[in-house]
Amino acid sequence: MQIGIGLLAMLGVHELLHMKGLKTMTIEGALTLFATFALTVPLENYLTFLPVDGNVVAYSVLITIMLGTTVFSKNYTIEDAAFPIAVSFYVGFGFNALLDARVAGFDKVLLALFIVWATDSAAT
């Protein structure tokens, strides 16, 4: 279930990058997808050698590598470098909160999603 949510988060990041006009089949795009997955899924459940905050360590390493590739590239602006980082953090952290909310109970998750859907549908 957690890996499926991580893949769903990666799909969301793919859509956001596509809307911005950035490609996901580049090194930066792949690193953004992996950073989102690393922030979403509790990696210490699957990779037991990682510390308790393995998600933060893996995310930091991937973001540092991504910054290195974008900073030394001639065709990237500061916005093109910051957007994938912000998107991976926003989506990854949101889906991680969804996984954490599952601990409180599935009905609480459905209630939270229903509130978001209802307010989004009523906002015109």
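Further up the page is the structure itself.
Since this is a predicted model, take the numbers as computed values, not measurements.

**Student:** Whenever I open this one, the overall build of the chain confuses me. Can you help?
**Tutor:** Each helix and strand in the chain was counted, giving 5 helices and 0 strands. Beginning at the N terminus, the succession of helices and strands in the chain can be written as α-α-α-α-α. C-alpha atoms of the chain, sized along the principal axes, occupy 50 × 45 × 20 Å. Residues classed as buried in the chain amount to 33% of the 124 residues present. The contacts of the chain with a sequence gap of at least 6 include a subset with a gap of at least 24, amounting to 66%. In the form shown here, the chain has an accessible surface area of approximately 8000 Å², with 73% of it arising from carbon and sulfur atoms.

**Student:** How should I be thinking about helix H3 (residues 54-71) in this particular structure?
**Tutor:** Its 18 residues give H3 an end-to-end C-alpha distance of 26 Å, which sits within 8% of 26 Å, the value for a rise of 1.5 Å per residue. As for H3, its buried residues are in contact with helix H2 (27-40) and helix H4 (78-101).

**Student:** Looking at this structure, I do not really get the environment of Leu16. What am I missing?
**Tutor:** Tracing the backbone shows Leu16 in helix H1 (residues 2-20). Exposure remark for Leu16: the relative accessible area of 27% places this residue in the partly exposed category. It is 7.4 Å that separates the C-alpha atoms of Leu16 and Val87, two residues lying 71 residues apart in sequence. Once residues within four sequence positions are removed from consideration, Leu16 is found in contact with Phe83, Val87 and Val91.

**Student:** Teacher, can you tell me more about the packing of aromatic side chains here?
**Tutor:** Centre-to-centre distance and the angle between the planes together describe a pair of aromatic rings. Counted according to the given criterion, the structure contains 2 aromatic pairs. With a centroid separation of 6.4 Å and 50° between ring planes, the pair formed by Tyr59 and Phe89 is classed as tilted. Here the residue Tyr59 occupies a position in helix H3, and Phe89 occupies one in helix H4, the gap between them amounting to 30 residues. Here the aromatic rings of Phe89 and Phe93 are separated by 5.6 Å at their centres, their planes lie at 10°, and the arrangement is stacked. Linking Phe89 with Phe93, this pair stays in helix H4, spanning 4 residues, or about one helical turn. In this structure Phe89 comes out as partly exposed when scored by relative accessible area, which is 45%. Here Phe93 falls in the exposed class, since its relative accessible area comes to 51%. Each residue in the set Tyr59, Phe89 and Phe93 is aromatic and connected to the rest through ring pairs, giving one cluster. Above the ring of Phe83, the side-chain terminus of Lys20 is found at 5.5 Å from the ring centroid.

**Student:** Help me understand a nonpolar patch on the surface in this model?
**Tutor:** A grouping of Ile3, Leu7, Tyr46, Leu47 and Phe49 is seen on the molecular surface, where their side chains present a nonpolar patch of about 520 Å² in accessible area. The topology assignment puts Leu47 in the loop between H2 and H3. Taking relative accessible area as the criterion, Leu47 reaches 36% and is therefore assigned partly exposed.

Cut-offs applied
Residues numbered from 1 in each chain as written. Predicted model: local features only at pLDDT ≥ 70, side-chain atom pairs only at ≥ 80, totals over all residues. Heavy atoms only, no water. Helix = DSSP H or I, 4+ residues; strand = E, 2+ residues; numbered from the N terminus. Buried < 20%, exposed > 50% of the residue type's maximum accessible area, 1.4 Å probe, protein only. Contact = heavy atoms within 4.5 Å. Areas by Shrake-Rupley, 256 points an atom, 1.4 Å probe, with all protein chains shown as cover. Expected span 1.5 Å × (residues − 1). Phe/Tyr/Trp six-rings, centres within 6.5 Å; stacked < 30°, edge-to-face > 60°. Lys NZ or Arg CZ within 6 Å of the ring centre and 35° of its normal. Patch = residues over 30% accessible without salt bridge, like charges linked within 9 Å, V, L, I, M, F, W, Y side chains within 5 Å. Salt bridge = Lys/Arg side-chain N within 4 Å of Asp/Glu carboxyl O.

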